[in-house]
Structures are given as C-alpha cells and as structure tokens.
Amino acid sequence: MEIIQLLLDGFLVALEPTNLFLVIIGCAVGLFIGAMPGLGSVNGVAILLPVTFIVPPTSAIIFLAAIYYGAMYGGAVSSIMLGIPGASTAVATTFDGRPLAVQGKADMALVAAAVASFAGGTISVILFTAFAPPLAHVALAFGSAEEFALMLLAFGTFIGLGGDDIPKTIFSILIGLVLSAVGLDVLSGQPRLIFGDIPGFFHGINFLVLAIGIYGIGEILWTIESSRGEVQVSQAVVTVRRIIDSLKQMGKSIKTVIMGSFVGYFVGLLPAAGATPGSIMAYGFAKTMSKDPDSYGKGNVDGVAAPESANNAASTGSMLPMLTLGIPGSPTTAILLGGMVIWGLEPGPRLFVDQTEFVWGLIASLYVANFFSVVLNVAFIPLFIWVLKLPFTILAPVIFVLCVVGGYAPTQDMHDVWLMLIFGVVGYLMRKLDYPMAPMVLAIVLGPLAESSLRQALLQSEGSLMVFIERPISGPIMGVALLLFLLPVFKAIKAKLTNSKGEVNAASGG
Amino acid sequence: MRRAELIMAIVLAIFSAYLMWKSTELPIGWIPEEGPGGGAFPFWLSTGMLLSCLWIIWRWFRRVTPQSRSNLPYFDSQSATLIGLVAVALTAMIGSIHWIGVYGAIPFFFIFYMKFIGRHSWLQTSAFAIGAPVVTFFFFEIMLHITLPKGETEPLFYPLYDLFL
C-alpha cells in the first residue's frame, strides 16, 4: 500500500504544469529523434542533456525520460516507412514492418507499433513499480566492495553477452575507465593524466563530451557514409476509419504483445543487453510460438508488435538498475546517470530514501509519457512522413551545430568542443573496425565510482583482494561477473569440441 | 580493411603505452595508510589496454576477425572524399568560433554544407543560415542564460544584450 501512496505522490509531481509540459515536449522531440534514420534515444538524450540545466533535476529527468520513451515509439516509424531502422532498437521492426508498408498497409503497421509500444510500456512500468522499491531496500546494505562487484558485473555482461569482438570490447571498457581518471585524483587531489599540460584537462573529461562526440558527431558521420543512396519513402493513407480497423485487428496480437513486454523488460535489466537484443529476442520468440511462422518476414502484424512492445519494455527495464543500484542498464541510462551527478544527486540505493520526490516523480512520469507518446504518435503520422522526406544534407548540419553548442554549454570551455570533435572522429574510425562504443560510454560514467569503491574497499581490507570474495553479497556477484568474463572462453571450447566431433563424424561417414 | 585493422591496433597500443607512462607521474604502488596510489588505477587499466591491443594484433595475424580477412578498402574513394569534406568543414567551423564566434561560424557552415555538399537552393540555404543562429541566440543566451563564444563579433551584441538581458 505504501507503494501506491508513493506513486500517487509521484503523479502529483509528474502532473505539475511544468513537468506535464516537459513530458509532452519530450515525447514529441523523442518521437522525431527516434524516427530519424541513424538517431535513437541515446543520441537525443546525449545531445539534449545540456539544455536541461535550467530546470530542477526532477523536471530535467522527466524531460529526458520522455525523450527516451518517445524515441522508442519513433524508431518504428522509419523502420516501416523507409525500411531503415530509426535506431538499432527498431531493427527487428523492419522485418515485418517494411513488407507491410510495401503492401500498402503502412498505417496498419504504424498503428500496431504504437499500440504494442503502449502495451509494452504500461506492462513494464507496472513491473518496475513493483520491483524497484524492494531492490533498492536490499541495495541499502551495499558497501564499497559490493559497489565495485556490481560494476564488474556490468562490464562482465558486455564481455559475456555483448556479442562483440572480445578484445575490442575489453579495450573499449578500459579506455573509458582511463579517460574517467583524467583530472584531479579524487582521494589525493593531485593532478593526473594532464596531457601536454593543457589546463582544460584539470576539470577532467566530462562524460557528455565523449557521449556527444560518439553519439552525435560519430553517428552522423556513420550515417553520411552508410546512407549515400537515395531513400525511398513509402506512401501511407491514414484515415480515422482505417486506424479504427487496425486497432480492432490488434486484438489478435494480445498474446504476442504480453510476451514481448516480459522478454523486453527482463532483457532490459541486464547492463549490456538493453532494447536492441530484447526486441530481436522477442521477434524470435513470437515467430517460434506462432502457428504460422512462415508468414513472418512477409508482413505479419505480430512481427511488428513483438519487437515494438519489447523495446519499450526494455527501456523501462534498463532504468531499474540505474535508479536502485546506480548501475545503468543501457547507454542511454548511463547518460541519464551522468546527468544526475551533474544535477547534484548521488545515484545509488540512497536515492529511494533521500530523493523520494525525484524517484517517484520519474516513475509516475513514465505512465504519463506512455500515454502522450501513443497519442502524439498516431496524431503525428502525416508530419513524420513529411520530415522523413527532408534530405540528410539539411538534417546533418543542424545536428552538427547542436552538438557543438551542446558540447560547449556544460563547461563553457572550447577545449571540450575540440575534444568532442576528436572523440567523434576517432570513435567513428574505431567503430568502422567493430570496436563497440557503448561500453566506453558506460565506463566513463561509472569510472569515478568504480575507482573510489575499489580504493576504499582495498583500504579497509588493507590491500587484501579477499574482501570482494568473502562478503556475503559481493562474493556471489563477483562469481557471476567472473562467469560472464569466462563465458566467451566456454563458448570457444564448446565450438572447438563440436567442430572436432563434426570432423570425426565426417571422417567415419566418408 | 586488413591493413586498417593492424594500423588501428598499433596506434592504440602506442597510446596505451603512453598512458601507462603518463600514469606513473603519481605513485602506482601501495602507500601505507592511504591504500593504492593515485596512479595505480589508470596505470593498471592502461596495461590492460596494451594487452588487449596485443591480443587484437595476435588475432590479426591469425586472421580471426572479419576485418583481418577483408580485402575491401577501409574507405572507398567516394566516402573518403565525403567524410573528409565534412570533417574539414566541422574543424573549420569549430576553429573559426575562436575568431568570429558561434554566430559567425554557423552561417558559413550552413552555406558550405547545404549549398556545396547538399546542392540546395539559395533560398533554403539562407533560411537555415539565418534561422539557425537566431534560434540558437534566443534559446541559449536568452532562455538558458548560457553565453556562447563570440570572438571578434562581441561588440555587435551589446545592443542585443541591452534589449533582452
């Protein structure tokens, strides 16, 4: 019952005129950012975080969470209309969304995406409301050893489950952590890693500089290179009658939507996973469970509903570890976490105790954002189609200018703008060679906390590493983290075994 | 692609070694009563970076990754020209902010990008070249009270400050 009371208080915060206004604007902005090819929630949140400094932290996070949410809805639009995913989270939506659009049923696919997103969002927010407080309560008992173990777990999931090249993933995590160590040493106060004695490095490298560099400049360079070909926009006829008909048809997809929501939510909880694998897994499950799996990929509405419910559910899921443990579940939540530090809040389990208004205001705003996203989404369909026809040579300079101004605003130092450009270009060159970028952004956000928890734990134990293994909570977490680090090794051994077995069979058979 | 993979790994390995050396400016060992020294965290992490670069290079020799087997160019000439142009334009824009300020640099950037890369009409180009700085000014300077760099153009803004701030 206490939860319901807190949630109601949260609604009072979320429905304050300023916050309500910010939710609506955030959803609308998110929808457009999500709908633009190449840009997703992480780009929108990274580029727009600097403009939130004028409002109080609660309003700021409500605005950014609304962008996050809106972008999950919007991603489907370009997947369906252009056949290019608006963001990686909407890749699975193209599988059936595009064929539907080609068959002239774009409106049906868009409505299915919107309704599934709404259902996914709602189911996951309810799960979130139920799970978050108990988890935060348990986390209150965490000391520095547990904190460090959790971070190791977060990095372990990238290595074990991220699916990227292992040494490149490790490199990406480590360089993010080293970059976070630039500036003044937190414990001794001495300057450290001041490259070329440039004074700009004394205030450290702001995570936003890296995030805007990679997700703003790097991403646009990537899109410029990959989308040189002309993009074909599908025509869509949208009438109220057709929308109502599509809504009626959605009744058949209820089972798929519920399944997608649960898969998305629980996959979203994992730090390395998030919405992209969540939506692809949900698509896979829907296809396996279906009575007619052959119709998938040829324009089955369930093939749109499953990934779209999952990616919205995952975006809520990834906020759970961010709010309760201070460990982000996705690159977007990593940036939100960094934002909290800038706004003067201390992320971690104490947030639920010390900042109830902030936490519950955010949770309630998710319910509100969910409602407005679905309304705006359906209402804006014609506008989306117009914007998507804007050539990229107009969008790109607009986004570049936003990046430059956004990179300057937080510290008001041109040094950071140059650094952002370097990160953007180098990040783009590395990404072309499959170096994953998300672990780096996560690491620069978690770096300061990882270092201080490690050093404090070691100081308390007088240098003995056993402190991480002996304690009742950190021990098992360390065990799981270790398993995740070793997972690729097991996989490699298994692959080798099956390979040699195959060879033996082939030899005996031949 | 194959050559690029090796060059990138070598460059990153050198950078890692530089970071290791740079970290030793602070103590990297154990300081009694204080715990690990200030340089320990970055030192051991950059050691890990160096090791993972060596691992990447080893895998390159064994042709494990798709890049290390690929004969495709890292950049084809068309995208190299395009990306190069964009990167130079961005660098020039950021560089010129020091001199003519944000409000001088943005219009030039739009004119270059939209007219010469995008080949849009002068009408469209000038709409963005004039509209973007105006919107930026009202949003950042007036609404958010964030002063953007103006370089030599600073005196031109005094009347605007008087009017709005």
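Residues numbered from 1 in each chain as written. Chains lettered and ligands numbered in written order. Predicted model: local features only at pLDDT ≥ 70, side-chain atom pairs only at ≥ 80, totals over all residues. Heavy atoms only, no water.

S.K.: Would you explain the overall build of chain A in this entry?
M.R.: Within chain A, the secondary structure is distributed over 23 helices and 2 strands. Over its C-alpha trace chain A gives a radius of gyration of 23 Å, about what one expects of a compact globule, namely 24 Å for 510 residues. Each principal axis of the C-alpha distribution contributes one length, and for chain A these read about 75 × 70 × 55 Å. The proportion of buried residues among the 510 residues of chain A is 61%. A sequence separation of at least 24 residues applies to 79% of the contacts in chain A between residues at least 6 apart. (Helix = DSSP H or I, 4+ residues; strand = E, 2+ residues; numbered from the N terminus. Rg over C-alpha atoms; globule rule 2.2 N^0.38 Å. Buried < 20%, exposed > 50% of the residue type's maximum accessible area, 1.4 Å probe, protein only. Contact = heavy atoms within 4.5 Å.)

S.K.: Would you mind going over the overall build of chain B with me for this structure?
M.R.: When you go through chain B residue by residue, the secondary structure sums to 6 helices and 2 strands. Going from N to C terminus, chain B has its helices and strands arranged as α-β-β-α-α-α-α-α. Here chain B has a C-alpha radius of gyration of 24 Å; the compact-globule value for 165 residues is 15 Å, and the former is much larger. The principal-axis extent of the C-alpha atoms belonging to chain B is close to 60 × 55 × 25 Å. Residues counted as buried form 49% of the 165 residues belonging to chain B.

S.K.: Just to check I follow, could you spell out the packing of aromatic side chains for this structure?
M.R.: Two aromatic rings are characterised by how far apart their centres lie and by the angle between their planes. Counted by the stated rule, this structure contains 29 aromatic pairs over all chains. Pairing F400(A) with Y113(B) gives two aromatic rings, centres 6.3 Å apart and planes at 55 degrees, and the pair type is tilted. Here the residue F400(A) occupies a position in helix α19 (residues 392–408), and Y113(B) occupies one in helix α4 (residues 77–117), the pair thus bridging two chains. Residue classification places Y113(B) among the buried positions, given a relative accessible area of 2%. Joined through ring pairs, the aromatic side chains of F195(A), F201(A), F15(B), Y18(B) and W21(B) make up one cluster. When the ring centre of Y74(B) is taken as reference, the NZ or CZ atom of K432(A) above it lies at 5.3 Å. When the ring centre of F75(B) is taken as reference, the NZ or CZ atom of K432(A) above it lies at 4.3 Å. (Phe/Tyr/Trp six-rings, centres within 6.5 Å; stacked < 30°, edge-to-face > 60°. Lys NZ or Arg CZ within 6 Å of the ring centre and 35° of its normal.)

S.K.: Would you explain the packing of helix α5 (residues 91–102) of chain A against helix α13 (residues 301–317) of chain A in this entry?
M.R.: Residue and element names in this part refer to chain A. In contact at an axis separation of 8 Å, α5 and α13 are set at 150 degrees when each is read in the N-to-C sense. When the interaxial angle is binned, α5 and α13 end up roughly antiparallel. Note that α5 runs across α13; the crossing there is left-handed. Across the interface between the two elements, A92, T93, D96, G97 and L100 from α5 touch V301, G303, V304, P307 and E308 from α13. Classifying every residue of the contact of α5 with α13 by side-chain character gives 5 nonpolar, 3 polar and 2 charged. (Axes fitted to C-alpha atoms, helices over the stretch in contact; angles between N-to-C directions. Parallel < 35°, antiparallel > 145°, perpendicular 65-115°, else oblique. Left-handed = near helix turned anticlockwise from the far one by under 90°. Nonpolar A, V, L, I, M, F, W, Y, C, P; charged D, E, K, R; others polar.)

S.K.: I would appreciate a short explanation of the domain arrangement of chain B in the present structure.
M.R.: When the parts of a complex come together, some accessible area is lost, and that lost area is often taken as the interface size. Per the domain assignment, the segments making up chain B are domain 1 (2–69) and domain 2 (77–164). Between the C-alpha centres of domain 1 of chain B and domain 2 of chain B there is a distance of 39 Å. (Domains from an automatic or database assignment.)

S.K.: It is not clear to me how the side chain of D165(A) should be interpreted in this structure. Could you clarify?
M.R.: The topology assignment puts D165(A) in the loop between α7 (144–161) and α8 (166–180). There is a polar contact of 2.7 Å between the side chain of D165(A) and the side chain of R59(B). Here D165(A) is in contact with R59(B) and T65(B), once residues within four sequence places are set aside. (Polar contact = N/O pair within 3.5 Å; in protein donor to acceptor, adjacent residues only side chain to side chain.)

S.K.: How should I be thinking about the interface of chain A and chain B in this particular structure?
M.R.: With 58 residues of chain A in contact, the opposing surface of chain B contributes 67 residues. Of the roughly 5,700 Å² buried where chain A meets chain B, counting both sides, 80% is carbon and sulfur surface. In this assembly, chain A and chain B are joined by 2 salt bridges. A salt bridge links E5(B) to K168(A), with the nearest nitrogen and oxygen atoms 2.9 Å apart. For the side of chain A that touches chain B, the secondary structure elements donating two or more residues are α8, β2 (191–192), α9 (207–226), α19, α20 (414–432) and α21 (438–460) of chain A. A total of 10 residues in the side of chain A that touches chain B trace back to one element, the largest contributor, which is α19(A). (Buried area = accessible area lost by both parts, 1.4 Å probe. Salt bridge = Lys/Arg side-chain N within 4 Å of Asp/Glu carboxyl O.)

S.K.: Before we go on, may I ask you to explain a nonpolar patch on the surface in this structure?
M.R.: A grouping of L482(A), L483(A), L486(A), V489(A), F490(A), I493(A) and L497(A) is seen on the molecular surface, where their side chains present a nonpolar patch of about 660 Å² in accessible area. Topologically, V489(A) is positioned in helix α23 (residues 474–509). (Patch = residues over 30% accessible without salt bridge, like charges linked within 9 Å, V, L, I, M, F, W, Y side chains within 5 Å. Areas by Shrake-Rupley, 256 points an atom, 1.4 Å probe, with all protein chains shown as cover.)

S.K.: Is there a simple way to explain the environment of A154(A) in this structure?
M.R.: Note that A154(A) resides in helix α7. A C-alpha to C-alpha distance of 32 Å links A154(A) and V405(A), two positions 251 residues apart in sequence.

S.K.: Help me out: how do you make sense of unusual backbone geometry in this one?
M.R.: A negative phi angle characterises most non-glycine residues, just as the trans form characterises most peptide bonds. Residue and element names in this part refer to chain A. We note that D197 has phi near 50 degrees; this positive angle belongs to a residue other than glycine. If you trace the backbone, D197 turns up in the loop between β2 and α9. Here D197 falls in the exposed class, since its relative accessible area comes to 64%. In this structure, E462 takes a positive phi of about 55 degrees despite not being glycine.

S.K.: Got a minute to help me understand the packing of α9(A) against α21(A) in this structure?
M.R.: Helices that pack against each other are described as a pair by the angle of their axes relative to one another and the distance between those axes. All names here are of chain A. Orientation of α9 relative to α21, taken along the N-to-C sense of each, is 165 degrees, at an axis distance of 9 Å. In terms of orientation, α9 and α21 fall into the roughly antiparallel class. The element α9 and its partner α21 pack so that their crossing is left-handed. Of α21, the residues touching α9 (which contributes F207, L210, A211, I214 and Y215) are A438, M440, V441, I444 and V445. Its residues assigned to classes, the contact of α9 with α21 comprises 10 nonpolar, no polar and no charged.

S.K.: Is there a simple way to think about the side chain of S144(A) in this case?
M.R.: One can find S144(A) in helix α7. Every residue in contact with S144(A), bar those within four places of it in the chain, is listed here: S453(A), Q456(A), A457(A) and Q460(A).

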